[in-house]
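The primary structure of each chain is shown beneath.
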Amino acid sequence: MKKLSLTLLAVLTGLLGLAYTLPYFFKDQIQEQVNKAIIKQVKGKVYYSDLNLSLFRHFPYLAITIEDFGIVGLAPFSQDTLAQAKGFGLSFDVMSLIKGQKIIQNIRLEQPKIYVKILKNGQANYDIFVPSKDTGTTSEKPSEGVQLQIQNWQIVKGTILYKDLQKDSEILLTDIEHNGSGDINKQIFDLATNTEINQASVVWEGKNYFSQRKLAWQSLIQVDQSAKSYSFQDTRIRLNDFELSFSGKVQQQDSTYTMNVAFQTPETNFKNLVSLVPMIYQNQFDALKAEGDIQCTGQVKGLYASQSIPSFHLNVQVKNGSFQYPSLPTGVSQVWVDCDINNTSNQLDSTQIALNRFDLYFGKNPIKAKAKIKGLSRSIIDADVKGEFQLEELTKLFPIEGTQLKGRFGVDLHSKGTYDSLTGQFPVTNAQMLLENGYILSKQFAKPIEDIHFKANLTNQDGTLKNSLLAIQEATFHVLDETFQAKGSVQDFDAFKWDITAKGKLDLTQITKIFPVENTTLKGKIDADIRTQGNLKDLKAKRYGSLNTNGQMAVSNFEYRSKELPQGIKIDQGQAKLSPNSLTITQSKGYLGSSDFEATGTMNNYMAYALTNDVLKGNFQVKSNHFNVNEWMSSEPKATTSGQAPNPNAHPSVVEVPKNLQLSLNTQANEIVYDKMAMNNAKGIIRINNGTIRLENTNFDALGGRFATTGSYDPSDISHPKFDFGLNLEKVNFTEAYQHLSVVKYLMPLAQFMVGEVSSQFKINGELTQDMMPNFATLNGSGLLKLLKASLQNSPLIEKLVANTKLTQLKDLQLNNALMQVQIDHGTLKIKPFTVKWNDYAVNIGGQHGIVGDMDYKLAFDIPSGKAGQSFNNLFTQWTGKALNNVPRVKFDLSLIGTLKSPIVRFDNSSTAQNLKDAVTSEIKSQIDNAKNQAVQQAEDLLKAEKEKLLKEAQDKLKTGQGDIQAQAKATADSLKKAALERAKKLLESQKKGVLDGIFKKPQPAKKDSTK
């Protein structure tokens, strides 16, 4: 028994050891598969620090955890992290891995941060997935061999930020805890989720719906994937402490939804409703005592489509509600609310709102209201509001620490009738609002705002827009021995006639401490004395003479910073004068972000611009000691203060130019910083007109030289912004140009190895990408480049040329006063042939360089043979088969192809070698002709001698037989003639061979130089 126990223990230990070590044997294979899947599916940059495997973490499943995981988007989001997580875990069914099926069971995200961003042109940072080859759309299929049979998923401490610049919307969810379960591989399954969000903020289409609220969602939904229907069985949503439960069904069909959903409050505690008031919920809410009942019920039923909404109904009831902080003497009591919102049609404009009752007491002060509104665009209104209370009572109702309030506030409104701007109708109205003897003292500032008086009336007697009148009879207050007072009226709400006067000093710092503006900093003092009279019709018709606006205004220590303008604007001192036609700035000194400025000038049509968004015209003179362009081109600008360096991680995005600006800026700056390049002594004219920016006669010092430019920037098509510039450079440093100018990097990468200066006259145009970089495939241009004093150092091209030509003198190549005629054709740099001379060497260079780094250049060399060296002479003979004998200069052509990092040098031809060949051919022909003439002469002499000998012998034997002798003599003569010709032919061949051997005899190897 003991032996059996030990055996089982040993087996169990072995299995545990195997389960622990087995994943490590497959880690490399799995990591390789993960990397392949990422490359195949994602276009952005994906990174992670490690990949771990375990059979114990989610036994019996194999757990794969990718640590420090993140996805970075493509341009213009190349510096935005779309998603990152401390851990991204997947659990696989072990048996499915053995069978090769790869079934995912669980997903877990630890501390994920997800950032979704949509630009104004509709481009989204989540568009990073590789499109399907078949459909051209993003593939919705998982990686090959992977099946999704997810049973549950989890998010731990997550953050989601959604920003839609098109819709001016933002959703921020922080501290997200979420878990869900459901067999999504089935056609019909139950989806169970539980979500808690510690802070949720929603701004939609510029409207702030709620900020930093707690949000929770718990649901059990039956999902029918084939029918695309979702049945809510047990779903609850909680905002702060206010909770709604949902039941019903939603079914999708194409782009429409059929809905039948009911909701209600499962609890009736009035305190839950009070939690929706931010000031109360964020201030000792747990200690708040509340009583009363609430009931909230509603239903949404019908078709939701692009031109249709479902009918809906909402009813809210509060019965005898009250709340009070235990530490305060009084509270809010006798709260009664009966509100019904109803729409039985499929159009939002048909909504009806019935506030049948709204009563409450602020301490002993009653507030009563009721209202009925039918329709939203054309509204039939019947409303009454009346209330009065002492401001001092508020400090007894709410814990407003360190603040004293005094004064009497009252409102009394009666309004009944139709509001319709198209037909000129306005409800018959009689309303008064007043504040008497107001007093505000806060611990945030030493002196109070006192003697606050405000009195305004809104009246309409006949139900027309034309006879409506808003009269501000008094608006005064007193701060630090300074009084501000204003009064005015707006009548005829159709023509919008105004008459407003304002005089005195405003301390914006104190005012915003009392009346804070969310996400906005507003400071400084304004001293104004202004009166303006006019109407909207004269303003639209540009009849400025009818707009009696005069006065002056001084600003000191002004500061404005907002969510839309985080860099901020600061004006130390500013003065302006107003007239009907213009606003003249006589003094303005301050900071735009971290950049200082001084400006004077005139704005025309300023009132039409402010009230109707008409074109603002103006001329300004602007000076700056240091201006940082980078912080104004960033898609995510960060707040800076004067003198503070901007965020180094901020990156540029397309800068839109308002089309309603027509401005001329005569600028002068001692230093301008763009990217990492400093521009000094800058002067020029900037014209902004109809959505474009044009630079005229702009000059500045940069990169060791002087720049002069005239050109334009046109972002009218925000997806394809364009530029067109003429650029003159004088004595610019090559090294700095390569470091700071992206155009030089892409079009002239050889500049990174060049030391010296360049001047140019150039014109270039093209498109910009969304991160304000040139789209090199669209570049076109032409011009001249003059290399003043330039040399190449540590260049792989020179090293390659030296290695392939044995001409070490190329290392001393000097490009002095070399003039290059250059053309850019859709991103390809084309250089017309030009000649460079140095140390009795010359080379003619021409060719082109592409945006992907490929090059194709022709090099025509003309060098002294005496300085080339024996190594080159031997190489030349290998190239051409000719020896460089008695040749003063050598001419040859090379091709330079490949890339800058991997250049290829190829010999093409040599005119010197061709000349040597022609000389050899002429010599051969001359010697062969001489040999031929000598052979023929010798043959003829031999033939003559033999002939004479035979004739003599024939004459001697003439007597013995005349006929036979003559025949024999003839035969013998013919035979001798043939022998003489053959002998002459052999002699000719022998002499010819001698001539050729003398010319083409292989040269003897060069003797080694014993002096080296």
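Because the structure is predicted, anything quoted here is derived from the model rather than measured.

Participant: So, helix α11 (residues 796-805): which residues are in play, and what are the values?
Facilitator: For α11, every residue scored as buried is listed here: Leu-797, Ile-798, Leu-801, Val-802 and Thr-805. Taken end-on, α11 shows its buried residues confined to a sector of 135°, consistent with a single buried face. As for α11, its buried residues are in contact with β39 (774-792), β43 (854-864), α13 (870-880), β44 (889-899) and β45 (903-909). One side-chain oxygen at the N-terminal end of α11 lies 3.2 Å from the backbone nitrogen of Leu-797; it belongs to Ser-795.

Participant: Help me get a handle on the environment of Phe-129, residues and values and all.
Facilitator: Note that Phe-129 resides in the loop between β6 (113-118) and β7 (147-164). Phe-129 sits 85 residues away from Gly-44 along the chain, and the two C-alpha atoms are 7.8 Å apart.

Participant: Describe the pattern of salt bridges, listing the residues and the values that go with them.
Facilitator: Here the structure, examined in full by the defined rule, presents 19 salt bridges. A salt bridge links Arg-408 to Glu-388; the shortest N-O distance between them is 3.1 Å. With a gap of 20 residues between them, Arg-408 in strand β20 (residues 403-419) and Glu-388 in strand β19 (residues 379-390) connect regions that are remote in the sequence. Of the residues examined, Arg-408 reaches a relative accessible area of 24% and is grouped as partly exposed. A salt bridge links Asp-825 to Lys-830, with the nearest nitrogen and oxygen atoms 3.5 Å apart.

Participant: Can you lay out the packing of aromatic side chains for me, pointing to particular residues and giving the numbers?
Facilitator: Across all of its chains, the model carries 18 aromatic pairs by this definition. Ring geometry for Tyr-419 and Phe-426: centres 6.1 Å apart, planes at 80°, overall edge-to-face. Judged by relative accessible area, which is 32%, Tyr-419 ranks as partly exposed. Here Phe-872 and Trp-879 contribute two aromatic rings whose centre-to-centre distance is 6.1 Å and whose plane-to-plane angle is 85°, an arrangement assigned as edge-to-face. For Phe-872, a relative accessible area of 0% puts it in the buried group. For Trp-879, a relative accessible area of 24% translates into the label partly exposed. Connected via pairs of aromatic rings, a cluster forms that spans Phe-861, Phe-872, Phe-876, Trp-879, Phe-892 and Phe-907. The ring of Phe-285 has Lys-271 sitting right over it, with the charged end atom 4.9 Å from the ring centre. Lying over the aromatic face of Tyr-439, Lys-406 brings its terminal NZ or CZ to 4.9 Å of the ring centre.

Participant: I'd like to hear about the pairing of β43, residue by residue, with values.
Facilitator: The pairing of strand β42 (residues 841-849) with β43 spans 8 bridges and is classified as antiparallel. Paired with Gly-846 across the strands is Lys-858, a residue of β43.

Participant: Tell me about unusual backbone geometry, and please be specific about residues and values.
Facilitator: In this model, Asp-68 sits at a positive phi of 50°, which is unusual for a non-glycine residue. As for its position among the elements, Asp-68 is in strand β3 (residues 61-72). On the accessibility criterion, Asp-68 (40% relative accessible area) is partly exposed.

Participant: Residues and numbers for α13, please.
Facilitator: Residue pairs spaced three or four apart in an α-helix point in one direction, given the helix's 3.6 residues per turn. Taken together, the buried positions of α13 are Phe-872, Asn-873, Leu-875, Phe-876 and Thr-880. The buried residues of α13 occupy one face: seen down the axis, they fall within an arc of 165°. Of the residues one or two after α13, Gly-881 is the one with positive phi, at around 80°.

Participant: Summarise the pairing of strand β15 (residues 311-324); cite the residues concerned and give the values.
Facilitator: Bridge count between strand β14 (residues 289-304) and β15: 12 bridges; the pairing is antiparallel. Across the sheet, the residue bridging to Gln-299 is His-313, located in β15. Sheet analysis places β15 next to strand β16 (residues 332-343), joined by 9 bridges and oriented antiparallel. Across the sheet, the residue bridging to Phe-323 is Val-332, located in β16.

Participant: Quick one: what's the story with the side chain of Asp-614, residue by residue and with numbers?
Facilitator: Here Asp-614 lies in the loop between α8 (606-612) and β31 (616-624). Within polar-contact distance, the side chain of Asp-614 engages the side chain of Asn-605 at 3.5 Å. Beyond its immediate sequence surroundings of up to four residues, Asp-614 is in contact with Lys-542, Asn-605, Ala-608, Tyr-609 and Asn-660.

Participant: Account for the nonpolar core, naming residues and giving values.
Facilitator: Residues Phe-398, Leu-787, Val-836, Ile-863 and Phe-872 are the most contacted members of the largest nonpolar core, which totals 136 residues. The greatest single-element share of this core, amounting to 6 residues, is contributed by β39. Non-local contacts of Val-836, meaning those with residues more than four positions away in its chain, are made with Leu-813, Gln-814, Leu-815, Ala-818, Tyr-841, Ala-842, Val-843 and Ile-845. Among the nonpolar cores identified, the runner-up in size contains 12 residues, and Val-42, Leu-62, Ile-66 and Ile-128 belong to it.

Participant: Which residues make up the confidence of the model for the protein chain, and what values do they have?
Facilitator: When pLDDT drops low, the exact placement of atoms in the prediction is not to be read closely. In the predicted model, the protein chain carries a mean pLDDT of 80, and 80% of its residues have values of at least 70. Across residues 635-650 the pLDDT falls below 50, and counting only partners more than four positions away or on other chains, this stretch makes 39 contacts in the model. Every residue in residues 995-1012 is under pLDDT 50, and counting partners more than four places away or in other chains gives 10 contacts.

Participant: A description of the side chain of Ser-308 should follow, citing residues and the corresponding values.
Facilitator: As for its position among the elements, Ser-308 is in the loop between β14 and β15. Judged by relative accessible area, which is 14%, Ser-308 ranks as buried. Setting aside its immediate chain neighbours within four residues, Ser-308 contacts Leu-303 and Asn-346.

Participant: With reference to specific residues and values, describe the environment of Thr-297.
Facilitator: Here Thr-297 lies in strand β14. Distance in space between the C-alpha atoms of Thr-297 and Gln-317 is 9.0 Å, their sequence separation being 20 residues. For Thr-297, the residues in contact, after removing those within four places along its chain, are Phe-263, Gln-264, His-313, Leu-314 and Asn-315.

Participant: Can you lay out the environment of Ile-904 for me, pointing to particular residues and giving the numbers?
Facilitator: The topology assignment puts Ile-904 in strand β45. Along the sequence, Ile-904 and Asn-804 sit 100 residues apart, while their C-alpha atoms lie 9.3 Å from each other. With sequence-adjacent residues up to four places away left out, Ile-904 is seen in contact with Ser-895, Leu-896 and Ile-897.

Cut-offs applied
- Residues numbered from 1 in each chain as written.
- Predicted model: local features only at pLDDT ≥ 70, side-chain atom pairs only at ≥ 80, totals over all residues.
- Heavy atoms only, no water.
- Buried < 20%, exposed > 50% of the residue type's maximum accessible area, 1.4 Å probe, protein only.
- Helix = DSSP H or I, 4+ residues; strand = E, 2+ residues; numbered from the N terminus.
- Arc of directions from axis to C-beta.
- Contact = heavy atoms within 4.5 Å.
- Polar contact = N/O pair within 3.5 Å; in protein donor to acceptor, adjacent residues only side chain to side chain.
- Salt bridge = Lys/Arg side-chain N within 4 Å of Asp/Glu carboxyl O.
- Phe/Tyr/Trp six-rings, centres within 6.5 Å; stacked < 30°, edge-to-face > 60°.
- Lys NZ or Arg CZ within 6 Å of the ring centre and 35° of its normal.
- Pairing = 2+ DSSP bridges.
- Core = buried A, V, L, I, M, F, W, Y, C linked by side-chain atoms within 4.5 Å.
- pLDDT = per-residue confidence, 0-100.

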